[in-house]
Amino acid sequence: MPTLLALDASSNACSVALMHRPAGAEADEVSARLSLTPREHTHRLMPMIDDLLAEASLTVEDLDAIAYGHGPGSFTGLRIAAGIAQGLAYGAEKPLIGVSTLAAMAYAAHRQYHLRYVIPALDARMGEIYVGAYYCHQGQLTPLMDEAVMSPEALSLPAGQEDVDWVGVGSGWKLWSSMPAQLQAEIGQHIEDLAPVAEDMAYLASREYLAGQGQSPHLVQPVYLRDKVAWRR
């Protein structure tokens, strides 16, 4: 596996993860930091990054790549994560890998709970959700619908996938009461407190890197999924 740093600020939490193989170790390790500090991501991310690298006796120059949560999620948080990742990558001449926050949530559900059919959803505010759908098998994710922003009333299962054990994860499922009755009957359970974090992004990004998917820093592009953005001052 590559030596890789991942960071995310797409939600109320900000997180950082470092994937590397310590000297003398036989396997890669992932160490992580998480801070539940809304609106303080700008001040928290760099100290967390510095702490992880120092703990592993590494510098940014020792990394093979840098990953970041490219969205969807908080407009401001996505900009912060993308900007920090871009600055680090430019300075150290490292490739960047953008990771979907929804894919990271699906991977977390698969890794932690061994779920296979997962619908990750994030509360997008303004009465909408960001949502995707994935089939998860042996650590691999297959998207079964395009990621989208929609009202919870409009959510439905991917076509032809109604007779499987779907599980919903993420803050978007707090809008359960607004979702269609038919969908509620088809969803076995939902886990509202699962959020995107850098640790899961590191696992996904490492596979992207090994597949040659790293990008130049100037190609950084957060994924908002909609043109309307709610600014909070």
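Residues numbered from 1 in each chain as written. Predicted model: local features only at pLDDT ≥ 70, side-chain atom pairs only at ≥ 80, totals over all residues. Heavy atoms only, no water.

## Considerations on the side chain of His 41
For step 1, the next point in the chain: By the secondary structure assignment, His 41 is in helix H1 (residues 41-55).
For step 2, the next point in the chain: In terms of polar contacts, His 41 uses its side chain to reach the backbone carbonyl oxygen of Ser 11, at 2.8 Å.
For step 3, the next point in the chain: Other than its neighbours up to four places away in sequence, His 41 contacts Ala 9, Ser 11, Asn 12, Ala 13, Cys 14, Gly 77 and Ile 80. (Helix = DSSP H or I, 4+ residues; strand = E, 2+ residues; numbered from the N terminus. Polar contact = N/O pair within 3.5 Å; in protein donor to acceptor, adjacent residues only side chain to side chain. Contact = heavy atoms within 4.5 Å.)

## Here we look at the packing of helix H3 (residues 101-113) against helix H5 (residues 198-210)
For step 1, the next point in the chain: Interhelical geometry of H3 versus H5 gives an angle of 105° and a closest axis separation of 9 Å. In terms of their interaxial angle, H3 and H5 are classed as roughly perpendicular. Across the interface between the two elements, Thr 101, Ala 103, Ala 104, Tyr 107, Ala 108 and Arg 111 from H3 touch Glu 199, Asp 200, Met 201, Tyr 203, Leu 204 and Arg 207 from H5.
For step 2, the next point in the chain: Taken together, the residues that form the contact of H3 with H5 break down as seven nonpolar, one polar and four charged. (Axes fitted to C-alpha atoms, helices over the stretch in contact; angles between N-to-C directions. Parallel < 35°, antiparallel > 145°, perpendicular 65-115°, else oblique. Nonpolar A, V, L, I, M, F, W, Y, C, P; charged D, E, K, R; others polar.)

## Here's the deal with the nonpolar core
For step 1, the next point in the chain: Core analysis: the biggest nonpolar cluster contains 32 residues, and Leu 4 and Val 169 have the highest contact counts within it.
For step 2, the next point in the chain: Tallying contributions element by element places H3 first for this core, with eight residues.
For step 3, the next point in the chain: Residue contacts for Leu 4: discarding those within four places in its chain leaves Ala 17, Leu 18, Met 19, Leu 63, Ala 65, Ala 67, Ile 97, Ala 202, Ala 205 and Ser 206.
For step 4, the next point in the chain: Formed by 26 residues, the second largest nonpolar core is a distinct cluster that contains Val 16, Met 48, Ala 56 and Val 220. (Core = buried A, V, L, I, M, F, W, Y, C linked by side-chain atoms within 4.5 Å. Buried < 20%, exposed > 50% of the residue type's maximum accessible area, 1.4 Å probe, protein only.)

## So, the packing of H1 against helix H2 (residues 75-92)
For step 1, the next point in the chain: Two elements in contact, H1 and H2, have axes whose closest approach is 10 Å; the angle formed by their N-to-C orientations is 35°. Where H1 crosses over H2, the handedness of that crossing is right-handed. Here His 41, Thr 42, Leu 45, Met 46 and Ile 49 of H1 come into contact with H2, specifically with Gly 77, Ile 80, Ile 84 and Leu 88.
For step 2, the next point in the chain: Tallied by class, the residues present in the contact of H1 with H2 amount to six nonpolar, three polar and no charged. (Left-handed = near helix turned anticlockwise from the far one by under 90°.)

## Details of the packing of aromatic side chains
For step 1, the next point in the chain: All told, the structure shown has five aromatic pairs when counted by the stated rule.
For step 2, the next point in the chain: Ring centres of Phe 75 and Tyr 224 lie 4.8 Å apart, and the angle between their planes is 35°; this geometry places the pair in the tilted category. Here the residue Phe 75 occupies a position in helix H2, and Tyr 224 occupies one in the segment after H5, the gap between them amounting to 149 residues.
For step 3, the next point in the chain: Judged by its relative accessible area of 16%, Phe 75 is buried. (Phe/Tyr/Trp six-rings, centres within 6.5 Å; stacked < 30°, edge-to-face > 60°.)

## Here's the deal with the confidence of the model for the protein
For step 1, the next point in the chain: On average, residues of the protein carry a pLDDT of 93, and 97% of them reach 70 or more.
For step 2, the next point in the chain: Within the model, the stretch residues 228-233 combines pLDDT values under 50 with six contacts to residues more than four positions away or in other chains. (pLDDT = per-residue confidence, 0-100.)

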